[in-house]
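Coordinate inspection notes
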Amino acid sequence: MNTPTDTYVRIPGESATLFAAALGEDTEGTVVLPGDADWDTARTPWQLGVDQRPVAVVLARSPDDVARTVRAAGEVGLRVAPQSTGHNANPLGPLDDTVLLRTAGLGGVEIDVERRAARVGAGVVWGEVSDAAAEVGLAALAGSARDVGVVGYSLGGGVSWLARSHGLATNQILAVEIVTADGRLRRVDSDHDPDLFWAVRGGGGSFGVVTALELRLFPIREVVAGTLFWPLERAAEVLHTWRRWTATVPDEVTSIGRLLRFPPVPDIPEPLRGRSLVAVELASLLDAAATNDLLTQLRALGPEMDTVGPTPVEQLAQLHMDPPGPVPVTGDGLQLDALPDSALDAYLDVVGPGTDMPLLTTELRHLGGALVRGRIEGGAVSGLDGQFLVYSGGITPDAGSAAAAHVALDAIASALAPWSAGALYGNFSESPRPAAALYAADTLERLRQVKAAHDPHDRIRANHPIPPAGS
Ligand SMILES: Cc1cc2nc3c(=O)[nH]c(=O)nc-3n(C[C@H](O)[C@H](O)[C@H](O)COP(=O)(O)OP(=O)(O)OC[C@H]3O[C@@H](n4cnc5c(N)ncnc54)[C@H](O)[C@@H]3O)c2cc1C
């Protein structure tokens with residue numbers, strides 16, 4: 001990763017000038033080159049800890065801009081990295097042979113109520129889709145934060161608050177509009193370019209630049225959701241009870257057990273500011289009475305705060321208390337194929353009370369249900385193999401705090417290594433990983449064949465790249 005302290009001369013290199021010339025004057029969008037007044041704004045991702053230094057940035061406004069960018073970059077031997085928000089900018093690595101193609105200008109959410117589907121431009125974030133769908137009584141498989149990009153999240157998998165009942169978001173993609181490395185815009189679905197359609201659903205952004213997605217929506221207006229909080233000192237009894245409880249709940253219930261260490265800063269609301277807590281967050285599609293029955297065991301532990309109750313489905317975006325805007329984050333995840341008492345004890349030895357844990361959140365998401373691979377017909381990733389998904393992260397404004405966060409992430413990964421499931425989950429992998437760490441061997445081989453068929457010279461760069469077969 002580049003660090004902001006490196007010397008960085010902001011003048012357009014020869015490649016940038018050649019690229020701008022190849023692109024010509026006819027784009028609706030904006031080409032931003034090093035030295036331009038808006039260079040720093042254009043190149044900065046949501047993940048503020050990443051200092052992106054591409055050859056040029058294109059702020060696309062139309063699918064035609066995307067196609068022109070891909071063609072012009074190809075003509076001058078550059079690569080193209082599509083990016084909507086930059087939530088997962090960390091693994092991209094140095095961009096010195098790459099045009100950064102920002103898609104935020106490709107807006108638009110169209111809801112087809114009859115078909116229960118949404119067509120969503122590549123710049124759209126989840127809050128926009130959830131709000132538009134809620135107006136007509138529908139819900140999408142949105143991420144926990146309103147400002148996560150629909151495309152990056154959906155191509156990488158997509159674990160929502162409805163994950164155990166409805167599976168990964170990627171398997172509810174109905175069609176993809178995509179510019180491939182040859183600069184051609186195509187619409188792919190199960191009947192058109194089915195191999196490409198299979199690959200993008202879980203294989204990520206290696207296969208082309210998506211300009212729009214069509215997604216399935218669900219007739220859900222309200223859920224029962226909220227959080228139970230206890231002081232951090234009670235982490236062991238709460239998380240052990242929660243873990244046993246997860247084995248008993250139906251697929252309609254998706255939950256997270258987490259430890260939170262809130263800094264004493266004004267952005268954090270008063271009851272939580274400066275506190276260290278253990279929490280169980282949940283969303284349930286059962287009615288309030290049935291959900292309350294299920295919660296008896298957890299409520300018997302006497303939570304200090306209890307916010308569980310009927311909730312409009314679009315308000316699930318507040319449940320996880322993600323940062324409302326760009327921040328420097330250091331985080332990472334892994335999957336566990338089991339969480340026996342010994343695993344939870346090993347985890348708590350590293351993250352629990354009495355440890356010097358610098359991370360703001362250390363959390364365990366309950367998987368299973370409709371997330372079990374193959375339960376829902378899908379693409380390259382039709383489910384997750386693990387029983388639990390681990391994510392840990394902190395706000396790291398400087399090199400010292402980032403280094404401390406990395407030490408903590410390594411300690412968590414080592415403690416849980418005996419229970420680690422084979423593949424990592426791409427969306428929660430915030431470090432560069434070889435493709436073999438993310439996909440089973442047969443899936444990866446097929447992904448590489450599709451990549452070779454559509455992008456043999458590896459022009460399109462993803463956060464988690466799939467190398468073309470034969471390379
Ligand atoms: C605060 C926060 C909350 C999160 N919550 C969840 C959650 O609840 N569930 C979950 O599963 N994940 C979650 N994530 C992880 C998130 O899904 C990934 O970071 C995802 O990659 C973000 O997509 P993006 O488009 O916003 O990010 P970006 O960094 O813009 O994109 C990530 C990658 O997606 C690909 N991509 C993006 N746009 C395009 C495009 N138009 N065409 C082709 N490829 C493209 C590229 O390969 C790009 O490198 C969360 C992350 C954060 C930081």
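The structure displayed is predicted, hence computed values, not measured ones.

The rules behind the values
Residues numbered from 1 in each chain as written. Predicted model: local features only at pLDDT ≥ 70, side-chain atom pairs only at ≥ 80, totals over all residues. Heavy atoms only, no water. Helix = DSSP H or I, 4+ residues; strand = E, 2+ residues; numbered from the N terminus. Expected span 1.5 Å × (residues − 1). Buried < 20%, exposed > 50% of the residue type's maximum accessible area, 1.4 Å probe, protein only. Axes fitted to C-alpha atoms, helices over the stretch in contact; angles between N-to-C directions. Parallel < 35°, antiparallel > 145°, perpendicular 65-115°, else oblique. Left-handed = near helix turned anticlockwise from the far one by under 90°. Contact = heavy atoms within 4.5 Å. Salt bridge = Lys/Arg side-chain N within 4 Å of Asp/Glu carboxyl O. Near = heavy atom within 4 Å. Polar contact = N/O pair within 3.5 Å; in protein donor to acceptor, adjacent residues only side chain to side chain. Areas by Shrake-Rupley, 256 points an atom, 1.4 Å probe, with all protein chains shown as cover. Core = buried A, V, L, I, M, F, W, Y, C linked by side-chain atoms within 4.5 Å. Pairing = 2+ DSSP bridges. Nonpolar A, V, L, I, M, F, W, Y, C, P; charged D, E, K, R; others polar.

**Describing helix H3 (residues 63–75)**
- Compared with an ideal rise of 1.5 Å per residue, which puts 13 residues at 18 Å, H3 spans 19 Å between its outermost C-alpha atoms and is within 8% of the ideal.
- If you check which residues of H3 are buried, you get Asp65, Val66, Ala67, Thr69, Val70, Ala72 and Ala73.
- Once H3 ends, the next one or two residues include Gly77, with phi positive near 75°.

**Description of the packing of helix H1 (residues 14–23) against H3**
- Direction vectors running N to C along H1 and H3 enclose 130°, while the axes themselves pass 8 Å from each other. Taken as axis vectors, H1 and H3 run oblique relative to one another. Pair H1 / H3 crosses with right-handed handedness. On the side of H1, the interface is formed by Phe19, Ala22 and Leu23, while H3 contributes Arg68, Thr69, Ala72, Ala73 and Glu75.

**Describing the pattern of salt bridges**
- In this structure the tally under the stated criterion is 30 salt bridges.
- Asp455 serves as the salt-bridge partner of Lys451, at 2.7 Å between the closest nitrogen and oxygen.
- What you see here is one network of salt bridges that share partners, running through Glu110, Asp112, Arg115, Arg119, Glu177, Arg187 and Glu214.

**Here we look at the site of the ligand**
- Taken together, 33 residues surround the ligand, and among them Ser84, Thr85, Gly86, Gly149 and Tyr425 come closest.
- Contact between the ligand and Asn427: an oxygen atom at 3.2 Å from a side-chain N or O atom of the residue.
- At a separation of 3.3 Å, an oxygen atom of the ligand approaches a polar backbone atom of Asn463.
- When the ligand is considered free in solution it has 950 Å² of accessible area, and contact with the protein chains removes 96% of it.
- With 4 residues, helix H5 (residues 150–156) is the largest single contributor of residues to the shell around the ligand.

**Side note on unusual backbone geometry**
- Notably, Arg116 is not glycine yet its phi reads approximately 50°, a positive angle.
- Among the structural elements, Arg116 can be located in the loop between strand E5 (109–112) and strand E6 (117–121).
- The exposure class of Arg116 is partly exposed, given its relative accessible area of 40%.
- At Asp458, a position not held by glycine, the phi torsion is positive, near 55°.
- Relative to the elements of secondary structure, Asp458 occurs in the segment after helix H14 (441–454).
- According to the relative accessible area criterion, Asp458 is partly exposed, its value standing at 22%.

**Some thoughts on the nonpolar core**
- Counting 127 residues, the largest nonpolar core has Phe19, Trp126, Val176, Leu213 and Leu336 as its most contacted members.
- For this core, the element with the highest residue contribution is helix H11 (residues 341–351), accounting for 6 residues.
- Non-local contacts of Leu336, meaning those with residues more than four positions away in its chain, are made with Leu364, Gly386, Gln387, Phe388, Val390, Leu416, Trp419, Ser420 and Ala421.
- Core analysis: the next-biggest nonpolar cluster, separate from the first, contains 9 residues, Tyr8, Val32, Val57 and Leu92 among them.

**Focus: the sheet that holds E5**
- Read across the sheet, 5 strands follow the order E5-E6-E9-E7-E8 without closing on themselves; strand pairing throughout is antiparallel. On the outer flanks of this sheet lie E5 and strand E8 (185–188), each paired with one strand and no other. Averaged over neighbouring strand pairs, the angle between their axes works out to 15° when direction is ignored.
- Where helix H4 (residues 126–135) meets the sheet, it contacts E5, E6 and strand E9 (209–216), and its direction lies at approximately 35° from that of E5.
- Contacts from helix H7 (residues 194–203) reach strand E7 (173–179) and E8, with the element oriented near 100° to E7.

**Some words on the packing of H7 against H14**
- The contact between H7 and H14 brings their axes to 10 Å, and the two run at 120°. In terms of axis orientation, H7 runs oblique to H14. Along this stretch, H7 crosses H14, giving a crossing that reads as left-handed. On H14, the residues that touch Asp195, Leu196, Trp198, Ala199 and Gly203 of H7 are Thr443, Arg446, Leu447, Val450 and His454.
- A breakdown of the residues in the contact of H7 with H14 according to their chemical character gives 5 nonpolar, 3 polar and 2 charged.

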